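Below, each chain spelled out in residue letters.
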Amino acid sequence: MGIRGLMSFVEDHSNEFFTDLKLRDTKIVIDGYALFHRLCFNSNLELRYGGDYDSFADVAQKFFESLFACNICPYVVLDGGCDISDKKLKTLKDRAREKIHMAHSLSVGGGGYVCPLLIREVFIQVLIKLQVCFVQCFSEADRDIMTLANHWNCPVLSSDSDFCIFDLKTGFCPLNSFQWRNVNTIKGTQDCYIPAKCFSLDALCHHFSNMNKALLPLFAVLCGNDHINLPSIETFLSKVHLPLGAASSKGRRHHRVLGLLNWLSHFADPTEALDNVLKYLPKKDRENVKEILCCSMEEYQQSQVKLQDFFQHGTYACPAALNLDLPEWVLVALAKGQLSPFISDALVLRRTILHTQVENMQQPNAHRVSLPIRQIIYGLLLNASPHLENMSWKALPSQPLAFSEVERINKNIKTSIVNAVALPKDHADLSKLTELSLAKRQILLLDTLKVKQTVLEPIPSSLKLPISVSCYWLQHTESKAKLHHLQALLLGMLMGPLHAIITSPDKEELREVGARMLYEEFQRVKEQTRPGTRLDLDTAHIFCQWQCCLQMGMYLNQLLSTPLPEPDLTRLYSGSLVHGLCQQLLTSTSVESLLSTCPEAKQLYEHLFNAIRSYAPAELFLPKGKSNSKKRRQKKRGTSWSKNRVGTTSDTRCCYEGSNRFGLLMAENLEEQIEVSELE
């Protein structure tokens, strides 16, 4: 949620409404959505290239290490899917439009804030790695956060202005004044603390004539939040005289905040105040408006969900979810963050929102390439619960397979209807999906991605899913990938294995030296890409398409209870690195020369390349002049490889022969695979 203008208003009066804290030795309940956005947008991270996930993961890890140093025990609470009433749909669509305009601005060299597509998944992986306790709520998390913080008598960390309305026992610490990068030590001790500010609800009420804090939920809905946008409220505001009082304020929005608080302070309780609001409305509208306002005010009351039971006993009970009679394994997986809110939205609302990236706005949105994967996901969710049969989407009985998707069309949004794929009977019951054998679940995943299991045998388990997704990506005509795009992508995938070699406790010196040299070279490429580099829009769009395929490939893999291991996203894709490698491969270097210092990386690259090669279109490997021969004939038919792509002659030969030369060496490091005979 969020109340228009409130946060900037209270920050303008920080001396009156905030107290200084030296935070240590406490639990703290963290708004996960607010935190990963704050870390993403306020850490000088590159946002144009689709996500430097390694850099983000490092920042997130340092944040939690600061908490640990001060003996602060974090509990992260993440938003889930959209509310079953879908009352925020208009707000979500407005935000989707804003994101498109910001993404476009970033794509042409302007400013803007757009989270990379997989940032939430990366954040969750960091939480798991650091063993930070977290939960994913069934829908919006604000009330659950407030209820948990009050149960534990600990503060809330967020940037959401709704926490200025909730009656929190220990207060609300805004993220923008939470100085986690500035850990201090108490004089004469070794005890550390984080300087922070804590919002005081009592101070706010005292400032406005000791107003009853029970009036604040009515203030929130009158001022305007994400859940309510009634024309009747504007009618009320246009007729009532809002006293501004003596306090100064900036802008029209602050006038509304100040005026409403002053006006409401004259009433003893919400009932009296609400009656006075309704007096300004036509009689025919009053009952309906009263019902809507009262319902919206309920959003600021205690939640029935007891998150402490989840953190202490692993049990998550949400009445809204239980009423839908969804399979138990689905509810558990959602609470543990093992299924995405995308799945929840598709399951409950039959409507999903496809988030825009920094892509080429003149081309069809990058999610188009992953549509066949989503259709399989939707097919698995068709028969989840009889309680969903009466939902609003059943108003179209002639379209029993229909799901709607909110997607980008040019620089606007459009809701498109997509039909799920009808699956065989043994896949059609969501409650029994986990009972399918591993072999059957893996077959469905690989068939969807159009990959044979035998191709993956030489691939390390952690890269099987990304390589499968890459095979799918190259097979689709929407992807206009060229050889240097594929090479750069695969080189980027080496960062994880290189990091593992460098940080391994039992590393061999010679092996480590080569790995470190290559790792540092990749870091140099990444750093050189950032300052003022012009974005290649076509390349950006191609890698956005790959990320869309990876996202949906991961969601399908999760829904099937991970028949392939989930990849470590934190070092799988770094946009700055991959874009920089594209430029180098086109102009000044070759794969072979880059990998010459590290035989292990060269060996792994060859296995990755060979696995994908058989799925790539033939023109990917043709000289540049010949790849367009159907469209136009070249006068000079003998164009050499070296002229079109510096240094790729030996790369290509090396990649074609690599499997035979290095296969035996690689095999001893691979995990056991499911045999083909078991799958047949």
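Residues numbered from 1 in each chain as written. Predicted model: local features only at pLDDT ≥ 70, side-chain atom pairs only at ≥ 80, totals over all residues. Heavy atoms only, no water.

The chain is annotated in an unreviewed UniProt entry as Asteroid homolog 1 from Neovison vison. Turning to the chain, the UniProt record has this under Sequence similarities (unreviewed entry): "Belongs to the asteroid family." (UniProt positions renumbered as here; feature names shortened; annotations may be inferred.)

**Some points on the overall build of the chain**
Across its full length, the chain carries 31 helices and 11 strands. Relative to its full complement of 680 residues, the chain shows a buried share of 57%. Of the contacts formed within the chain by residues at least 6 apart in sequence, a portion of 76% connects residues at least 24 apart. Approximately 30000 Å² of the chain is accessible, and the part contributed by carbon and sulfur atoms is 50%. (Helix = DSSP H or I, 4+ residues; strand = E, 2+ residues; numbered from the N terminus. Buried < 20%, exposed > 50% of the residue type's maximum accessible area, 1.4 Å probe, protein only. Contact = heavy atoms within 4.5 Å. Areas by Shrake-Rupley, 256 points an atom, 1.4 Å probe, with all protein chains shown as cover.)

**Some thoughts on the nonpolar core**
Counting 232 residues, the largest nonpolar core has Phe64, Phe219, Ile377 and Ile467 as the members making the most contacts within it. The greatest single-element share of this core, amounting to 13 residues, is contributed by helix H24 (residues 537-559). With sequence-adjacent residues up to four places away left out, Phe219 is seen in contact with Ile3, Leu6, Ile165, Val257, Leu260, Leu261 and Leu264. (Core = buried A, V, L, I, M, F, W, Y, C linked by side-chain atoms within 4.5 Å.)

**Thoughts on the packing of helix H18 (residues 371-381) against helix H19 (residues 438-449)**
Relative to each other, H18 and H19 sit at 150 degrees, their axes nearing to 9 Å. The angle between the axes of H18 and H19 places the two elements in the roughly antiparallel class. Relative to H19, the crossing made by H18 is right-handed. Facing Pro372, Ile373, Ile376 and Leu380 of H18, the residues of H19 in contact are Leu444, Thr448 and Leu449. Among the residues forming the contact of H18 with H19, the class breakdown is 6 nonpolar, 1 polar and no charged. (Axes fitted to C-alpha atoms, helices over the stretch in contact; angles between N-to-C directions. Parallel < 35°, antiparallel > 145°, perpendicular 65-115°, else oblique. Left-handed = near helix turned anticlockwise from the far one by under 90°. Nonpolar A, V, L, I, M, F, W, Y, C, P; charged D, E, K, R; others polar.)

**What about the packing of aromatic side chains?**
The description of two aromatic rings rests on the distance between their centres and on the angle between their planes. Applying the stated rule across the entire model yields 29 aromatic pairs. Here the aromatic rings of Phe18 and Phe199 are separated by 5.6 Å at their centres, their planes lie at 65 degrees, and the arrangement is edge-to-face. Of this pair, Phe18 sits in strand E1 (residues 18-23) while Phe199 sits in strand E8 (residues 192-199), and the two are 181 residues apart along the sequence. For the residue pair Phe18 and Phe199, the accessibility class agrees, reading buried in each case. Clustering of aromatic rings is evident, with ring pairs tying together Tyr33, Phe36, Phe63, Phe64, Phe123, Phe178 and Trp180. (Phe/Tyr/Trp six-rings, centres within 6.5 Å; stacked < 30°, edge-to-face > 60°.)

**So, helix H5 (residues 89-107)**
The terminal C-alpha atoms of H5, which comprises 19 residues, lie 27 Å apart, in line with the 27 Å expected from a rise of 1.5 Å per residue. Thr91, Leu92, Ala96, Ile100, Ala103, Leu106 and Ser107 are the residues of H5 that are buried. Those residues of H5 hidden inside the fold are in contact with strand E9 (351-353), strand E10 (402-409), strand E11 (412-419) and H24. Two residues or fewer past H5, Gly109 is found with a positive phi of approximately 95 degrees. (Expected span 1.5 Å × (residues − 1).)

**Focus on the side chain of Asn360**
Residue placement: Asn360 occurs in the loop between E9 and H18. Classification of Asn360 by relative accessible area gives buried; the value is 8%. Each residue touching Asn360, except ones within four places of it in the same chain, is listed here: Arg408, Leu537, Asp538 and His541.

**Notes on unusual backbone geometry**
Its identity as a non-glycine residue notwithstanding, Asn44 has a phi of 60 degrees, on the positive side. Among the secondary structure elements, Asn44 is positioned in the loop between helix H3 (32-41) and helix H4 (53-69). The phi angle at Arg350 is positive, at roughly 55 degrees, despite the residue not being glycine. Checked against the element boundaries, Arg350 lands in the loop between helix H17 (341-349) and E9.

**A short note on helix H22 (residues 495-503)**
For H22, the complete set of buried residues consists of Met495, Leu498, Ile501 and Ile502. Projection of H22 onto a plane perpendicular to its axis shows the buried side chains occupying an angular sector of 125 degrees, all on one side. (Arc of directions from axis to C-beta.)

**Thoughts on the pairing of E10**
Buried residues dominate E10, accounting for 7 of its 8 residues. One ladder, built from 3 bridges, connects E9 with E10; its direction is parallel. Its bridge partner being in E10, Ile353 is matched across the sheet by Val406. Note: E10 against E11, 8 bridges, orientation antiparallel. Looking at E11, one finds that Arg408 is bridged to Ile413. Linkage of E10 to E11, two consecutive antiparallel strands, is achieved through a turn of 2 residues, within which Asn410 is found at a positive phi near 55 degrees. (Pairing = 2+ DSSP bridges.)

**Quick look at the packing of helix H21 (residues 483-493) against H22**
When two helices pack together, their arrangement is given by the angle between the helix axes and the distance between those axes. Between H21 and H22, the least distance of the axes is 4 Å, while the angle of their chain directions is 25 degrees. Between H21 and H22, the interaxial angle falls into the category roughly parallel. In this structure, H21 uses Leu491, Gly492 and Met493 to contact H22, whose residues at the interface are Met495, Gly496 and Pro497. Here the residues of the contact of H21 with H22 are counted per class, giving 4 nonpolar, 2 polar and no charged.

**Let's talk about the sheet that holds E9**
Across the sheet, 3 strands lie side by side as E9-E10-E11; this open sheet has mixed pairing. Only two strands of the sheet have a single neighbouring strand rather than two, namely E9 and E11. Pairs of neighbouring strands in the sheet enclose a mean axial angle of 25 degrees, with direction left out of account. H17 rests against E9 and E10 of the sheet, and its axis sits at about 150 degrees to E9.

**Considering the environment of Phe199**
We classify Phe199 as buried; its relative accessible area is 4%. The contacts of Phe199, once residues within four sequence positions are left out, are Val10, Phe17, Phe18, Cys164, Gly171, Phe172 and Leu204.

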